[in-house]
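# A look at the structure
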Amino acid sequence: MPLALLALAVGAFGIGTTEFVMMGLLPDVAEDLHISIPSAGHLVSAYALGVVIGAPLLAAVTARMSRRTVLIGLMGLFVAGNALSAFAPGNGSLLAARFLSGLPHGAFFGVGAVVATTMVAPERKARSVSLMFLGLTVANVAGVPAATLMGQHLGWRATFLGVSAIGLVAIAALAALIPHDHTHATAAGLRGELAALRPLPVWLALGTTVAGFGALFSAYSYITPMLTRSAGFAESNVTLLLALFGVGATAGNLLGGRLADHSLRGTLFGGLGSLAAVLLLFPVLMRTEWSAALAVVLLGMAAFATGSPLQLMVMEKASAAPSLASSANQAAFNLANAGGAWIGGLALAAGFGATSPALAGAALAVLGLAVAGVAYAVDRRRVPAAGRERVVASHVPQEAEALHR
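Residues numbered from 1 in each chain as written. Predicted model: local features only at pLDDT ≥ 70, side-chain atom pairs only at ≥ 80, totals over all residues. Heavy atoms only, no water.

### Quick word on the nonpolar core
Selection criterion: We define the nonpolar core as a collection of buried residues of types Ala, Val, Leu, Ile, Met, Phe, Trp, Tyr and Cys that are connected through side-chain atoms lying within 4.5 Å of one another. Three labels apply to residues, based on accessible area from a 1.4 Å probe with only protein chains included: buried if under 20% of the type maximum, exposed if over 50%, partly exposed otherwise in between. Each helix is a run of H or I in the DSSP string that is no shorter than four residues. Each strand is a run of E no shorter than two, and both are numbered from the N terminus. The contact criterion used is simple: two residues touch if any of their non-hydrogen atoms lie within 4.5 Å.
Core analysis: the biggest nonpolar cluster contains 94 residues, and Leu8, Leu216, Phe282 and Met286 have the highest contact counts within it. Here the element with the most residues in this core is helix H5 (residues 91-118); it accounts for 10 residues. Sequence-distant contacts of Phe282, defined by excluding residues within four places in its chain, comprise Ile223, Met226, Ala295, Leu299, Thr355 and Ala358. Counting residues in hydrophobic clusters, the runner-up holds 15 residues, among them Val21, Leu25, Leu33 and Leu43.

### Describing the packing of helix H9 (residues 200-220) against helix H14 (residues 307-317)
The condition that has to hold: Axis definition: a line fit to C-alpha positions, over the contact stretch in the case of helices; interaxial angles, taken between N-to-C directions, run 0 to 180 degrees. Orientation labels follow simple angle bins: below 35 degrees gives roughly parallel, above 145 gives roughly antiparallel, 65 to 115 gives roughly perpendicular, and whatever is left gives oblique. In this scheme the handedness of a crossing depends on how the near helix is turned from the far one: anticlockwise by less than a right angle means left-handed, clockwise means right-handed.
In the contact formed by H9 and H14, the axes pass within 8 Å of each other and the chain directions differ by 160°. Taken together, the axes of H9 and H14 are roughly antiparallel relative to one another. The element H9 and its partner H14 pack so that their crossing is left-handed. Across the interface between the two elements, Pro201, Val202, Ala205, Leu206, Thr208, Thr209 and Phe213 of H9 pack against Gly307, Leu310, Met313, Val314 and Lys317 of H14.

### Some details on the pattern of salt bridges
Formally: Basic side-chain nitrogens of Lys or Arg form a salt bridge, by our definition, when they fall within 4 Å of a carboxyl oxygen of Asp or Glu.
Enumeration according to the criterion identifies five salt bridges in this entry. The salt bridge partner of Arg265 is Asp379, with a shortest N-O separation of 2.4 Å. Placement of the pair is Arg265 in helix H12 (residues 264-285) and Asp379 in helix H16 (residues 356-382), with a sequence separation of 114 residues. Of the two residues, Arg265 and Asp379, neither departs from the other in class, the shared state being buried. Among the salt bridges present, the one from Lys317 reaches Asp379, with a minimum N-O distance of 2.7 Å. Here the residue Lys317 occupies a position in helix H14, and Asp379 occupies one in helix H16, the gap between them amounting to 62 residues.

### Notes on a nonpolar patch on the surface
Rules: Only residues whose relative accessible area exceeds 30% and that form no salt bridge are eligible for patches; like-charged ones are grouped when within 9 Å, while nonpolar side chains (Val, Leu, Ile, Met, Phe, Trp, Tyr) are grouped when within 5 Å. Each accessible area is a Shrake-Rupley result for a 1.4 Å probe, and residues are judged covered by the shown protein chains and nothing else.
A cluster of nonpolar side chains, Leu49, Ile53, Leu57 and Val61, forms an exposed patch at the surface whose accessible area comes to about 350 Å². In this structure, Ile53 sits in helix H3 (residues 42-61).

### Brief notes about the packing of aromatic side chains
Each aromatic ring pair is described using two quantities: the centre-to-centre distance and the angle formed by the ring planes. Let me state the cut-off plainly: Ring pairs shown here join Phe, Tyr and Trp side chains whose ring centres sit within 6.5 Å, with only the six-membered ring taken for Trp; geometry is labelled stacked below 30 degrees between planes, edge-to-face above 60, and tilted in between.
Counted by the stated rule, this structure contains nine aromatic pairs. With 5.5 Å between their ring centres and 80° between their planes, Phe217 and Phe333 make a pair best called edge-to-face. Here Phe217 is found in helix H9, whereas its partner Phe333 is found in helix H15 (residues 322-349), with 116 residues between them in sequence. Phe333 shares its class with Phe217; the two are buried. Taken together, a centroid distance of 6.4 Å and an interplanar angle of 90° make the contact between Phe269 and Tyr376 edge-to-face. Of this pair, Phe269 sits in helix H12 while Tyr376 sits in helix H16, placing them 107 residues apart in sequence. Accessibility expressed as a relative area gives 27% for Phe269, which makes it partly exposed.

Here it is in structure tokens:
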């Protein structure tokens, strides 16, 4: 695997850290800015809104620029947003800074995934994407806990300065390791890029992302009350258990990348099926401490095993505009974050019990399987029988060549 993937992973590590660290810093931010914790929670929403808006927008408007230049520019915007967060004088300016920090998130992963796949052989594309995402999952194991501790001891502003420093390291790594390239725009320009997102298979792939990761966030958003009320853990142990989730996510991400290079669709179906099964077992697994810890690890493994397959599936279905499609998938991921948390909250508010968000997540995972099944049926009608055995995440010309062999 090219060393350039390390540069992408460093950027992903910084982005993953700033995305999730705000959850642990909410009480400190609320106290310092003299606002309520629910008001401080809007800072999480502001970041997610930035991701949803920035992912397709920035990918589209930078279509005529070299990917190397785009990645460095996006990371520069990331550094600026986090630095402004550190020096924000009040809640309004911090909301704006968090929104700015979220803008480059989806486009970085979207363009980065395309760069990763162009540097390796076709049979290693999924693994290359999983290695970039490795930075995101490792952030949950090490970056977020370390940044949270920094904020608690040195102040929350120090955390965002630290994240800005990670961004500067990523810029240096990108400049040194990512090979120079030329413009990657199609002849049709922006209109052609947007037109590539119109076909039904693209939207089915994006819908699978929303449902599949909505299943994860339906449960993960309420994992703390599950662990404390059902499994009996002390609140002081929750941080360690969330690190276990990161360990499971890292393992699942690497496993999913390796398996997807052999069977992209098989890995996707297997991951979604495993996620539904794990979530269905949550009410049983949350009865004891050891089984609850196992459940947290399995949840991370099952969910993130689908990350690389979903990213490559979207890129394949919109092969005329892979950067834009890949970025749109990151927007779908954040819609899943918001929608899954909302659905899980409905189950909890209805009085169905502390583990009810997991059961709601299981239903979403089954929905994701159904959408993936419809996508498979649509593909069977479009692709000749000779090409049905193995779906490879590649460009249309490569697929056509394979069909003629």
